[in-house]
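Observations on the three-dimensional arrangement
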Amino acid sequence: MFQKVLIANRGEIASRIIRTCQKMNIQTVAIYSEPDADKPFVREADESYPLGGSRVNESYLNVEKVLEIAKQANVDAIHPGYGLLSENGDFANSIEAKGITFIGPSPDVMTKMGSKVAARKTMQEAGVPVIPGTESAVETPEDAIEAAKEIGYPIMLKASAGGGGIGMQIVNNDEELQKAFESNSKRATMFFGDGTMFLEKKIVEPHHVEIQILADGIGNTIHLFERECSIQRRHQKVIEEAPSPFISEDTRQRMGEAAVKAAKTIGYKNAGTIEFLVDKDQHFYFLEMNTRLQVEHPITEEITGLDIVEEQLRIAAGEELRHKQEDLMIQGHALEVRIYAEDPKTFYPAPGQMTSLSLPEGDYVRHELAVDGSSFVSPFYDPMIAKCITSASNRNDAIQLMEKALKEYHVEGIKTNLPMLRDILALDAFKRGNTNTHFIETYYLKEEAK
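What comes next concerns the included structure. Quantities reported herein were computed from a predicted structural model and do not represent experimental measurements.

1. Regarding the packing of helix 12 (residues 395-407) against helix 13 (residues 418-426)
The interhelical angle for the contact between helix 12 and helix 13, taken along N-to-C directions, is 150°, at an axis separation of 10 Å. The angle between the axes of helix 12 and helix 13 places the two elements in the roughly antiparallel class. For the pair helix 12 and helix 13, the sense of crossing is left-handed. Taking contact as the criterion, the partners of I399, M402, E403, L406 and K407 in helix 12 are, on helix 13, L418, L421, R422, L425 and A426.

See below:
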């Protein structure tokens with residue numbers, strides 16, 4: 001097992017990884033930018049090193065500086081967390097070139113799955129259902145319009161290298177597609193350095209359901225069931241739950257088998273997630289693969305009893321999977337809400353100085369915190385400040401516990417989305433499990449407008 005691990009990340013996920021490393025008697029190294037100098041994860045690590053700068057390209061995306069600290073601290077592995085450099089194949093290659101273990105999949109697999117066009121082709125070859133769409137990149141608006149005639153509107157225009165909804169837009173006719181193609185291609189080039197676009201058929205009333213997988217280095221692959229991640233704003237998840245209240249047991253089994261098949265086909269190793277769109281008739285289609293730990297991994301841990309970060313570390317250290325598929329079962333129900341420093345009406349980030357933080361207490365709630373009561377929430381990073389997780393023997397009880405937790409959750413000094421989260425959980429449509437990806441527009445915003 002590793003002796004010392006550097007966490008190439010920040011905030012709550014850095015704290016989360018540190019916690020498991022401490023449990024396994026592994027020393028930890030934190031790296032931090034200037035605005036993060038006083039954050040909890042910096043204090044929690046055994047060693048902490050400054051990166052300098054405020055913006056991510058000056059700090060957490062500065063590969064040369066990260067590797068310099070890794071050498072200075074004499075670490076034998078690096079955990080990338082999620083976001084930032086976590087799915088950067090060049091970063092993983094650079095780590096391995098230094099004789100340091102990257103806690104994640106191989107750089108080649110990461111690069112292949114990072115391109116939505118390449119990932120789509122790979123899944124088709126593996127026999128995994130994919131959404132009808134273009135088989136290769138679309139070069140011009142004219143080519144896009146021609147392809148749209150074959151697929152049929154409405155169309156989802158997507159950036160191949162995209163993420164977080166960037167470069168993605170629904171279009172309903174040729175005129176909209178002409179305008180959207182050029183603007184989204186430019187935006188994708190600006191954010192990802194790649195303006196490649198492709199088209200997919202827009203699925204009506206879709207659910208966003210993903211399958212967590214684990215795979216070791218000798219061919220063993222399992223899935224840890226599914227997460228329902230349909231409640232989103234700006235194409236980013238806000239509330240997740242496991243298992244999904246929507247899919248049937250038959251669909252669950254078939255999706256799990258498809259995810260395992262996909263992972264085996266590409267020679268995947270470590271933890272990953274296969275994301276699917278599921279239509280109202282429970283037909284499911286491959287959406288993308290996340291080659292890293294997910295933000296919402298705690299709810300899977302709650303219903304399986306596994307520590308996914310520990311499994312990542314063991315796999316990266318060369319160990320065989322400790323669990324077989326037939327040994328796993330769903331234990332109860334879990335919910336996770338993401339608490340953001342943002343205006344709950346406009347969804348715009350609302351950074352600033354926190355003056356107090358009061359958390360619900362008790363065994364029924366799990367906290368993943370990026371801040372403490374005196375933290376300054378920087379405008380330079382993602383505005384998520386915490387995750388709150390509840391679990392129970394059934395969905396209704398898990399919801400009631402989350403409602404209780406959110407009533408007792410208080411943040412002062414900045415705006416947060418706590419009012420929105422409380423309102424969503426109180427809606428009958430949420431309690432019924434009617435949570436497709438249009439939930440916020442269909443139910444929450446209409447209720448707010450009354």
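2. Focus on the side chain of E368
Tracing the backbone shows E368 in strand 17 (residues 365-369). Here the side chain of E368 touches R19 through a polar contact of 2.8 Å, side chain to side chain. When neighbours within four sequence positions are excluded, E368 is seen to be in contact with E12, R16, R19, P298, A386, K387 and I389.

3. Quick notes on the pattern of salt bridges
Between side chains of opposite charge, pairing is possible as soon as their charged atoms come close. Counted according to the given criterion, the structure contains 39 salt bridges. The residue D372 makes a salt bridge to R43 at a minimum N-O spacing of 3.1 Å. Taken together, the residues D372 in the loop between strand 17 and strand 18 (376-377) and R43 in helix 2 (residues 40-44) connect sequence positions 329 residues apart. Given a relative accessible area of 52%, R43 falls into the exposed group. E302 serves as the salt-bridge partner of R366, at 3.0 Å between the closest nitrogen and oxygen. Remark: E302 occurs in helix 10 (residues 297-304) and R366 occurs in strand 17; sequence separation between them is 64 residues. The exposure class assigned to R366 is buried, which follows from its relative accessible area of 17%.

4. As for the packing of aromatic side chains
The full count for this structure, using the stated rule, is 7 aromatic pairs. Pairing F91 with F102 gives two aromatic rings, centres 6.4 Å apart and planes at 90°, and the pair type is edge-to-face. A residue pair is termed long-range when its members are at least 10 positions apart, and F91 in helix 4 (residues 89-97) and F102 in strand 5 (residues 101-102) qualify at 11 residues. Taking the relative accessible area as the measure of exposure, F91 reaches 1% and is therefore buried. Among the aromatic residues, ring-to-ring pairing joins Y60, F380 and Y381 into one connected group. The cationic tip of R233 hangs over the ring face of Y340; the distance from NZ or CZ to the ring centre is 4.3 Å.

5. Thoughts on the sheet that holds strand 12 (residues 270-278)
Spatial strand order, 13-12-9-10-11-14-19-17: 8 strands in an open sheet with antiparallel pairing. Because the sheet does not close on itself, it has two edges, and the strands there are strand 13 (284-290) and strand 17. Strand-to-strand, the axes of this sheet are offset by a mean angle of 25°, without reference to chain direction. Sheet topology places strand 9 (residues 207-215) next to strand 12; 9 bridges connect them, and they run antiparallel.

6. Thoughts on the environment of V5
If you trace the backbone, V5 turns up in strand 1 (residues 4-7). Considered as a pair, V5 and I78 are 73 residues apart in the sequence and their alpha carbons are 5.4 Å apart. V5 has contacts with C21, I26, Q27, T28, V29, V75, A77, H79, I103 and L313, leaving out every residue within four places of it along the chain.

7. A look at helix 1 (residues 11-23)
Counted at 1.5 Å a residue, the expected span for helix 1 with its 13 residues is 18 Å, and the 19 Å between its end C-alpha atoms agrees. With 10 of 13 residues buried, helix 1 is to be regarded as a mostly interior element. Inspection of helix 1 places G11, E12, I13, A14, S15, R16, I17, I18, T20 and C21 among the buried residues, and these make up the whole buried set. Note on helix 1: the residue one or two positions beyond its end, N25, has a positive phi of about 60°.

8. Side note on the nonpolar core
In this structure, L6, I78, F91, L214 and L313 are the most contacted members of the largest nonpolar core, which totals 57 residues. Counting residues domain by domain, this core receives three or more from each of domain 1 (4-103) and domain 3 (207-449). Apart from the residues within four sequence positions on either side, L313 is in contact with M1, F2, V5, T20, C21, M24, I26 and I103. One finds I339, Y409, L418 and L425 within the second-largest nonpolar core, a separate group that totals 37 residues.

9. A short note on the sheet that holds strand 5
The sheet built from 5 strands is open, its strands ordered 3-2-1-4-5 with parallel pairing. The sheet terminates laterally at strand 3 (47-50) and strand 5, the two strands that pair on one side only.

Rules of the game
- Residues numbered from 1 in each chain as written.
- Predicted model: local features only at pLDDT ≥ 70, side-chain atom pairs only at ≥ 80, totals over all residues.
- Heavy atoms only, no water.
- Axes fitted to C-alpha atoms, helices over the stretch in contact; angles between N-to-C directions.
- Helix = DSSP H or I, 4+ residues; strand = E, 2+ residues; numbered from the N terminus.
- Parallel < 35°, antiparallel > 145°, perpendicular 65-115°, else oblique.
- Left-handed = near helix turned anticlockwise from the far one by under 90°.
- Contact = heavy atoms within 4.5 Å.
- Polar contact = N/O pair within 3.5 Å; in protein donor to acceptor, adjacent residues only side chain to side chain.
- Salt bridge = Lys/Arg side-chain N within 4 Å of Asp/Glu carboxyl O.
- Buried < 20%, exposed > 50% of the residue type's maximum accessible area, 1.4 Å probe, protein only.
- Phe/Tyr/Trp six-rings, centres within 6.5 Å; stacked < 30°, edge-to-face > 60°.
- Lys NZ or Arg CZ within 6 Å of the ring centre and 35° of its normal.
- Pairing = 2+ DSSP bridges.
- Expected span 1.5 Å × (residues − 1).
- Core = buried A, V, L, I, M, F, W, Y, C linked by side-chain atoms within 4.5 Å.
- Domains from an automatic or database assignment.

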